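Residue-level structural notes
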Amino acid sequence: MQVDWDSLWNTIFGCTEWLGLSMGFWVALGICLILVVIQNVVFWCCFKPGNKYAPKTAAERNEEEAEQQ
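1. Some remarks on the overall build of the protein chain
Helix and strand content of the protein chain: three helices and two strands. Helices (α) and strands (β) of the protein chain occur, in sequence order from the N terminus, as α-β-β-α-α. Within the span of the protein chain, comprising 69 residues, buried residues form 3% of the whole. As displayed, the protein chain has an accessible area near 6,400 Å², and 64% of this comes from carbon and sulfur atoms.

Dropping the structure here:
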């Protein structure tokens, strides 16, 4: 059984194109947008200064090397 996406989309929204672009474009664009938002949330939550997962700056690495010597 195959799903007829055009008729389903047409039933829900009343058209299968918007601004001259097909629904496939808008679905793909929406998926990309969601992925970018998730990546930004992960990046800004995990890489805050002082977080143990944050990458060290060059100054922090130099301080650690000086302490070890």
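2. Observations regarding the confidence of the model for the protein chain
A low pLDDT means the predicted coordinates there should not be read in detail. Residues at a pLDDT of 70 or more form 84% of the protein chain, whose mean pLDDT is 78. Per-element confidence in the protein chain ranges from a low mean pLDDT of 69 for strand β1 (residues 17–18) to a high of 87 for helix α2 (residues 23–46).

3. As for a nonpolar patch on the surface
Together, V3, W5, L8, I12 and F13 make up a nonpolar patch on the protein surface, roughly 550 Å² of accessible area in all. Its location among the elements puts L8 in helix α1 (residues 5–13). Judged by its relative accessible area of 39%, L8 is partly exposed.

4. Digging into the packing of aromatic side chains
One pass over the structure, following the stated rule, counts one aromatic pair. Judged by centre distance (5.0 Å) and plane angle (80 degrees), the rings of F25 and W26 are edge-to-face.

5. As for the environment of W9
Relative to the assigned elements, W9 resides in helix α1. With a relative accessible area of 27%, W9 lands in the partly exposed category.

Reading the values: the criteria
Residues numbered from 1 in each chain as written. Predicted model: local features only at pLDDT ≥ 70, side-chain atom pairs only at ≥ 80, totals over all residues. Heavy atoms only, no water. Helix = DSSP H or I, 4+ residues; strand = E, 2+ residues; numbered from the N terminus. Buried < 20%, exposed > 50% of the residue type's maximum accessible area, 1.4 Å probe, protein only. Areas by Shrake-Rupley, 256 points an atom, 1.4 Å probe, with all protein chains shown as cover. pLDDT = per-residue confidence, 0-100. Patch = residues over 30% accessible without salt bridge, like charges linked within 9 Å, V, L, I, M, F, W, Y side chains within 5 Å. Salt bridge = Lys/Arg side-chain N within 4 Å of Asp/Glu carboxyl O. Phe/Tyr/Trp six-rings, centres within 6.5 Å; stacked < 30°, edge-to-face > 60°.

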